Amino acid sequence: MDRRDFVTTTAAAAAATLVPRPMAAGLPQADASIRDLCRRALDAARRAGAGYADVRVVRNRSQSVSTREQQITNLADEETFGFGVRVLVAGAWGFAASRELNVPEVERIARLAVTQAKANRRAVRRPVTLAPTPAVPDGRWQSPIETDPFTVSIEDKVALLLRANAEALKVSGARFVNSSMAFVLQEKTFASTDDIFTVQKNYRCLPQLSITAVDPAAGFATRQSAEVAPAGRGYEWVVQADFPGRAGRWAEEAVQRLTAKSVEPGRYDLILEPSHLWLTIHESIAHPTELDRVMGYEANYAGTSFAAPPERVLGKLKYGPEFMNIQGDRSQAGTLSACGWDDDGVAPETYLIIKNGILVDYQTTRDQVAWITPLTGRTRSHGCSYGESWSDVQFQRMPNVSLLPGEQALTTEDLIAATDRGIYIVGNSSYSIDQQRYNFQFSGQAAYEVQGGKIVGMLKDVAYQARTVDFWNSMDMIGGQGSYRIGGTFNDGKGQPGQSNAVSHGCPPARFRNVTVLNTGRDRG
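(A) Structural context of the sheet that holds strand 15 (residues 400-403). Across the sheet, four strands lie side by side as 12-11-10-15; this open sheet has antiparallel pairing. Each edge of the sheet is formed by a strand with only one pairing partner; in this case those strands are strand 12 (358-359) and strand 15. Where strand 10 (residues 326-329) and strand 15 come together, four bridges link them in antiparallel fashion. Bridged to Asp329 within strand 15 is Asn400.

Below, the structure is given as structure tokens:
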């Protein structure tokens, strides 16, 4: 079977197994019938004893295509559709969900959620109170895409990936190439007893390329497309990534790493590109400022937080230098966490988590705000509620958490020119961080030695190690607005049962002084 026949046959087979239920076909999420079913669910919850109720009708579609060299290795196209009802009864939450969207079922599920909430009251130590939020009688929001990725043929997607693979393999020493693209479409209707009804359509896109160079004497080295971040965009993001045009350079860098100089352990000034620094922000700032971790209610995947308790650190903890400002938002166009309203029905705020180097706030949802109102004076949620699917109860998930650029129009080149002895790191690779987000180690895709303000060669086996607050306080230079870039992750896990969300982190390049650098390749025997 040739490639064209394989793609056509596989796509047809996948489609045959994914025929949606009648209600989901071309789902008009704002259709009057959907609105009516939401109203019936809320009414049934009230009649059963709920003081508050909300309902989410969600259709999730995901598609991924993977290749290796000149072969297709995976093709998946999946869709789920259903609804979930969450209720509050005497300070206790209840939740139930179903994939059958009809009048008897929505009313049954609403009553079941109330029954669960009543049972949960026995375990409540701190009754849930919801922060106020404005009514939204009819809200609409959609990701700013140009081309719907689900309208582009599988054959065209495969052809682009295989073309990129072929370009990489033209470089002598490049032996293996893996490439892929993944897309998510989430259509969501939310309604609550607080007179909120919103409809949203959210797209996400993740193109990836990984090239491995091999040498019998030097071993192997891999270079990934770390500079191409996942985004809340359409297929145009894949086209703009230009994998066929960039694959050759990335392959050459993979080959160069084979014979690069092994780093000498010690202390160096680090110049970190946004394609690398976003992950350090994610792990050492974004996770430890999730309020449920701070309060000890959440520890799955990422542990708790050193930035606690709030009464001792808010307005007091010097996280970094005075020019360091960390912003939380869900509004930057094309970012992964962007939305019109969160899964509490709240329009998210843009706010500072760290202001002038001082920790001043956390990430919050409606049921968390009261925990810190005495300290902050704030009575409004920042809009950080999210549930991965219709069958998952929503809870606090991080917004986009970003390091704001500096006032001076500095570039990466300016930071390098100002550095006498340092290492310049591009792209993210392996990392490790402790359960309170305090001690960490990170490495990158490519590292370069800097001497006398110039790059003098490539390095390998580079990793840096630090404590969170020490590291961020060592930052002494950051780029300006023109150097600000967006990175992020398509899958960030949290909770039990586990859920995944997507989040972006923006930043300029930054310099950190006198950081401990390890050599990860030397024999420790």
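Next comes the rest of the account.
(B) Highlighting the pattern of salt bridges. By the definition in use, this model includes 32 salt bridges. Two residues, Arg59 and Glu79, come together in a salt bridge whose shortest N-O distance is 3.1 Å. Taken as a pair, Arg59 in strand 1 (residues 52-68) and Glu79 in strand 2 (residues 71-89) lie far apart in primary sequence, 20 residues in all. Here Asp138 and Arg140 are joined by a salt bridge, their closest N and O atoms 2.4 Å apart. Accessibility expressed as a relative area gives 47% for Asp138, which makes it partly exposed. A relative accessible area of 43% means that Arg140 is categorised as partly exposed. Several salt bridges share partner residues, and in doing so they unite Asp36, Arg39, Arg40, Asp43 and Arg46 into one network.

(C) Region of interest: the nonpolar core. Formed by 52 residues in total, the largest nonpolar core has its most connected members in Leu359, Leu403, Ile423, Tyr464 and Trp472. The biggest single contributor to this core is helix 7 (residues 274-286), with six residues. Residue contacts for Trp472: discarding those within four places in its chain leaves Leu277, Thr280, Ile281, Ser284, Ile285, Tyr319, Gly320, Pro321, Met324, Leu403 and Phe512. Within the second largest apolar cluster, 27 residues are counted, among which are Ile34, Leu37, Val55 and Val106.

(D) Region of the structure containing the confidence of the model for the chain. For the chain, per-residue confidence averages 93 on the pLDDT scale, and residues scoring 70 or more make up 93% of the total. Within the model, pLDDT remains below 50 along residues 6-28, and this stretch shows 30 contacts once partners closer than five positions in the same chain are excluded.

(E) Quick look at the pairing of strand 7 (residues 219-224). Sheet topology note: the strand 6 (residues 196-215)/strand 7 ladder contains six bridges and is antiparallel. Its bridge partner lying in strand 7, Ala213 is registered against Ala221.

(F) Broad picture of the side chain of His282. If you trace the backbone, His282 turns up in helix 7. A residue is classified by how much of its surface remains accessible, and His282, at 2% relative accessible area, is buried. In terms of polar contacts, His282 uses its side chain to reach the side chain of Asp492, at 3.2 Å. Among residues more than four places away in sequence, those in contact with His282 are His287, Met398, Thr489, Asp492, Val503 and His505.

(G) Representation of the packing of helix 4 (residues 154-169) against helix 6 (residues 243-258). Across the interface, helix 4 lies against helix 6 with an axial gap of 7 Å and an inter-helix angle of 30 degrees. Taken together, the axis directions place helix 4 and helix 6 in an arrangement best described as roughly parallel. In this structure, helix 4 crosses over helix 6, and the sense of that crossing is right-handed. Contact residues: helix 4 offers Leu160, Arg163, Ala164, Glu167 and Ala168, while helix 6 offers Phe243, Pro244, Ala247, Gly248 and Ala251.

(H) Summary view of helix 7. Taking 1.5 Å as the rise per residue, helix 7 with 13 residues should run 18 Å; its terminal C-alpha atoms sit only 15 Å apart, a clear shortfall. For helix 7, the tally of buried residues reaches 13 of 13 residues, placing the bulk of the element in the interior.

(I) Summary view of the pairing of strand 3 (residues 92-98). Along strand 3, six of the seven residues are buried, which leaves the element largely enclosed by surrounding structure. Taken together, the seven bridges between strand 2 and strand 3 define a ladder with antiparallel strand orientation. Opposite Phe83, over in strand 3, you have Ser98 as the bridge partner. Between strand 2 and the antiparallel strand that follows it, strand 3, lie two residues; Ala90 among them carries a positive phi value of about 50 degrees.

(J) Quick peek at the environment of Arg257. As for its placement among the helices and strands, Arg257 is situated in helix 6. Sequence separation between Arg257 and Gly245 is 12 residues; the distance between their C-alpha atoms is 21 Å. Non-local contacts of Arg257, meaning those with residues more than four positions away in its chain, are made with Ala221, Thr222, Gln445, Met458 and Lys460. Polar contacts involving the side chain of Arg257 include one to the main-chain carbonyl oxygen of Thr222, which spans 2.6 Å.

(K) Quick peek at the environment of Thr419. Note on placement: Thr419 falls in the loop between helix 11 (412-417) and strand 16 (421-433). Apart from the residues within four sequence positions on either side, Thr419 is in contact with Asp269, Ile271, Val450, Gly452, Gly453 and Arg511.

(L) Quick peek at unusual backbone geometry. Following Ala308, the chain continues to Pro309 via a peptide bond in cis, the omega torsion being -5 degrees. The residue Pro309 is located in the loop between helix 8 (291-294) and helix 9 (310-313) in this model. Here the bond from Gln496 into Pro497 is cis, since omega is 0 degrees, no more than 30 degrees from zero. Secondary-structure assignment places Pro497 in the loop between strand 21 (485-494) and strand 22 (499-507). Although it is not a glycine, Ala90 adopts a positive phi angle of roughly 50 degrees. For Ala90, the location among the structural elements is in the loop between strand 2 and strand 3. We classify Ala90 as exposed; its relative accessible area is 61%.

Here is what the cut-offs are and how they apply
- Each chain has its residues counted from 1, running along the sequence as written.
- In keeping with the model being predicted, local features are shown solely for residues with a pLDDT of at least 70 and side-chain atom pairs are shown and tallied solely at 80 or more, while totals for entire chains, interfaces and linings include all residues.
- Hydrogens and water molecules were not included; the side-chain quantities draw on all heavy atoms of the structure.
- Pairing between strands is defined by DSSP: at least two bridges between the two strands are required.
- Where helices and strands are cited, they refer to DSSP runs of H or I of at least four residues and of E of at least two residues respectively, numbered from the N terminus.
- A pairing counts as a salt bridge when a side-chain nitrogen of Lys or Arg comes within 4 Å of a carboxyl oxygen of Asp or Glu.
- Buried residues are those whose accessible area, probed at 1.4 Å on protein chains only, stays under 20% of the maximum for their type, while exposed residues exceed 50% and partly exposed ones sit between those limits.
- We define a nonpolar core as any set of buried Ala, Val, Leu, Ile, Met, Phe, Trp, Tyr and Cys residues linked to one another through side-chain atoms lying within 4.5 Å.
- Contacts between residues were defined by any pair of non-hydrogen atoms, one from each residue, lying within 4.5 Å.
- Known as pLDDT, the predictor's confidence for each residue is given on a scale from 0 to 100.
- Within 3.5 Å is the distance limit for a polar contact, defined as a pair of N or O atoms, with the added protein rule that one can donate a hydrogen and the other accept it, and that residues adjacent in sequence qualify only through two side-chain atoms.
- Orientation is described by lines fitted to C-alpha atoms, with helices fitted over the stretch in contact, and by angles between N-to-C directions that extend from 0 to 180 degrees.
- For this classification, under 35 degrees means roughly parallel, over 145 means roughly antiparallel, 65 to 115 means roughly perpendicular, and everything else is oblique.
- Here a crossing is taken to be left-handed if its near helix is turned anticlockwise relative to the far helix by less than a right angle, and right-handed if that turn runs clockwise.
- Expected span of a helix, by definition, is 1.5 Å for each gap between consecutive residues, and there is one gap fewer than residues.

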